[in-house]
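Architecture and fold: a report
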Amino acid sequence: MPRHLIDIQDFTQEEIAALIARSEDIIARPQDYQDSAARQKLATLFFEPSTRTRLSFEAAMLDLGGSILGFASQDSSSATKGESVADTIRTVQCYADIIAMRHPKEGAPLVAARHATVPIINAGDGGQNHPTQTLTDLLTLHREFGQLHGLTIGLCGDLKFGRTVHSLIAAMARYPGVHFVLVSPKELVAPDYVIDVIKRHGATYEECRTMDAVMPKLDALYMTRVQRERFFNEADYVRLKDSFILTPDKLKHAKPNMIVMHPLPRVNEVSVLVDALACAKYFDQVRYGKFIRMALILKLLGRDAA
Ligand code: ASP
Ligand code: CP
C-alpha cells in the first residue's frame, strides 16, 4: 500500500524531523537531487484555485528531474461532466506515480486515497486541512528558532475556515511547551475539533479578540485571510473581512525576534508596509515550500534514503 499525506498527523514527529533535515540538505546541495525522481511523474489535480501550492509542487518535481501533468481548475477536468473523485483517481494513476490534489470538499483527498494505488497528497481540502502548507510552516519555524518545542504562536484571523491554521495547530500541539494564542472575531473561532486536538496533546491555549495585549508574548504571529469562498453569505464576509489589519505600528511591542507568518494569498490583513521589516517571513515561507515538497515527494516515492 502506498503512503499518503492526507492529515499532518499521518506523519510522526520523527518523520517530520527527517523531512526538515532533508529539506535543509536540498537547500544546501540542490545539485545532488537533480535526478532523484528521474522518470517519475507528478500529477497536480487542482479543483480549486492555487498559485503557490500547485506551482511549488510542480517546481519541486521538475527540480528532482521528474515530469509533471495535471489540471489547474475543476472546469478543465471531466469533474464538470459529473465524474467522481474515485474515477478521476483511478484514471490519473494510470499516467502518474504520485498525485497532489486540492479540492473544495472536505475529505475528498481521503476518498481519493482509498481508491489509489499511488501516493496521494492533500494540497488543501475545503476548510479542513492543508498539511503541505504546514510542512512549509514547520520548516520556516525550525529555520528561525532551531526548534519547534516551547514556542508561543499567535494565530490571527479566520480560525474557523482557515485550513492552514487547523493543520498547523494539529502539528504544533504535539511539541512540548507549545502555547497557542487564538485571535479572531467570535464568529470565526477555531472549531471544537481543533481545540480538542490542543487539549488531547496537553498543549495550552487562550482565545482573545484583539492582538495588542498578546503581542509581547508571541514568538510567531501567523496571520490569515478571511476565507471568502467558505462563507454562506457575502454580507457576513464584508462585515468580518477587515477584522484584523497588521501594521508596523501594531508590532511595536513585539519581541525583537518575533516573526510574522502568513500562508498567502494576502488580501488586507497584513499591510504592505510590514513587508520591509525583518520580522516578515511570508515570502521565505513561499521559498521553503518548494524544498519541503521536494523532500515530501522523495519520501512518498520511497526515494528518501540518503
Ligand atoms: N493558500 C492557503 C489555502 O489554500 C491560505 C488561503 O488561501 O488563505 O488554504
Ligand atoms: N499557501 C497556499 O496554499 O497558497 P495557494 O492557495 O496560492 O496555493
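Our structure's up above, just so we're on the same page.
Everything numeric here is computed off the predicted structure, so don't read it as measured data. (Residues numbered from 1 in each chain as written. Chains lettered and ligands numbered in written order. Predicted model: local features only at pLDDT ≥ 70, side-chain atom pairs only at ≥ 80, totals over all residues. Heavy atoms only, no water.)

1. A closer look at the overall build of the chain
Tallying secondary structure elements over the chain gives 9 helices and 9 strands in all. The C-alpha atoms of the chain give a radius of gyration of 19 Å, which matches the 19 Å a tight globule of 306 residues would have. Reported as C-alpha extents along the three principal axes, the dimensions of the chain are approximately 55 × 45 × 40 Å. Of all 306 residues assigned to the chain, the portion counted as buried reaches 56%. Considering only intrachain contacts with a sequence separation of at least 6, the fraction spanning at least 24 residues in the chain is 73%. Positive and negative side-chain charges in the chain, numbering 36 and 36 respectively, have mean positions lying 1 Å apart. (Helix = DSSP H or I, 4+ residues; strand = E, 2+ residues; numbered from the N terminus. Rg over C-alpha atoms; globule rule 2.2 N^0.38 Å. Buried < 20%, exposed > 50% of the residue type's maximum accessible area, 1.4 Å probe, protein only. Contact = heavy atoms within 4.5 Å. Lys, Arg positive; Asp, Glu negative; His and termini not counted. Charge placed at Lys NZ, Arg CZ, Asp CG, Glu CD.)

2. Describing helix α1 (residues 13-28)
Taking 1.5 Å of rise per residue, 16 residues should cover 22 Å, and α1 covers 23 Å from first to last C-alpha, within 8% of that figure. Listing the buried residues of α1 in full gives E15, I16, L19, I20, R22, S23 and I26. Looking down the long axis of α1, one finds its buried residues gathered within 165° of arc, a one-sided arrangement. The exposed residues of α1 that point more than 90 degrees off its buried face are E14 and A28. For α1, the elements touching its buried residues are α5 (131-145) and α9 (282-300). (Expected span 1.5 Å × (residues − 1). Arc of directions from axis to C-beta.)

3. Here we look at the site of ligand 1
In the region of ligand 1, the neighbouring residues are R102, H130, R163, T164, R225, Q227, P263, L264 and P265. Contact between ligand 1 and R163: an oxygen atom at 2.8 Å from a side-chain N or O atom of the residue. Measuring from an oxygen atom of ligand 1, one finds a side-chain N or O atom of Q227 at 2.8 Å. For ligand 1, the protein covers 91% of the area, taking 260 Å² as the surface of the free molecule. (Near = heavy atom within 4 Å. Polar contact = N/O pair within 3.5 Å; in protein donor to acceptor, adjacent residues only side chain to side chain. Areas by Shrake-Rupley, 256 points an atom, 1.4 Å probe, with all protein chains shown as cover.)

4. What about the site of ligand 2?
Taken together, S50, T51, R52, T53, R102, H130, Q133, P263 and L264 make up all the residues around ligand 2. Considering ligand 2 on its own, with 250 Å² of exposed area, one finds that the protein chains cover 91% of that surface. Across the shell around ligand 2, the residue classes break down as 2 nonpolar, 5 polar and 2 charged. (Nonpolar A, V, L, I, M, F, W, Y, C, P; charged D, E, K, R; others polar.)

5. Description of the sheet that holds strand β6 (residues 179-183)
Read across the open sheet, the 5 strands follow the order β7-β6-β5-β8-β9; overall the sheet is parallel. Strand pairing shows two members of the sheet lacking a second neighbour, β7 (204-208) and β9 (259-261), which therefore form its edges. Averaged over neighbouring strand pairs, the angle between their axes works out to 20° when direction is ignored. In terms of strand pairing, strand β5 (residues 152-156) meets β6 through 5 bridges, oriented parallel. (Pairing = 2+ DSSP bridges. Axes fitted to C-alpha atoms, helices over the stretch in contact; angles between N-to-C directions.)

6. Focus: the sheet that holds strand β4 (residues 120-125)
Strand order across the open sheet formed by 4 strands is β2-β1-β3-β4, with parallel pairing between neighbours. Looking at the sheet topology across the chains shown, the edges are occupied by β2 (67-71) and β4. The sheet shows a mean angle of 15° between the axes of neighbouring strands, direction not considered. Summarising the sheet, strand β3 (residues 98-103) and β4 pair through 4 bridges and their orientation is parallel. Bridging from a neighbouring strand, I99 pairs with I120 of β4.

7. Considering the pattern of salt bridges
The final tally for this structure, using the stated rule, is 22 salt bridges. Salt-bridge contacts for R266 lead to D275; the nearest nitrogen and oxygen are separated by 2.7 Å. Judged by relative accessible area, which is 22%, R266 ranks as partly exposed. Several salt bridges converge on common partners, so that one network encompasses K186, E187, D236 and R239. (Salt bridge = Lys/Arg side-chain N within 4 Å of Asp/Glu carboxyl O.)

8. Topic: the side chain of D219
Among the structural elements, D219 can be located in the loop between β7 and β8 (220-223). The exposure class assigned to D219 is buried, which follows from its relative accessible area of 10%. Among the polar contacts made by the side chain of D219, one reaches the main-chain amide nitrogen of T152 at a distance of 2.8 Å. Each residue touching D219, except ones within four places of it in the same chain, is listed here: F145, G150, L151, T152, K255, N257, M258 and I259.

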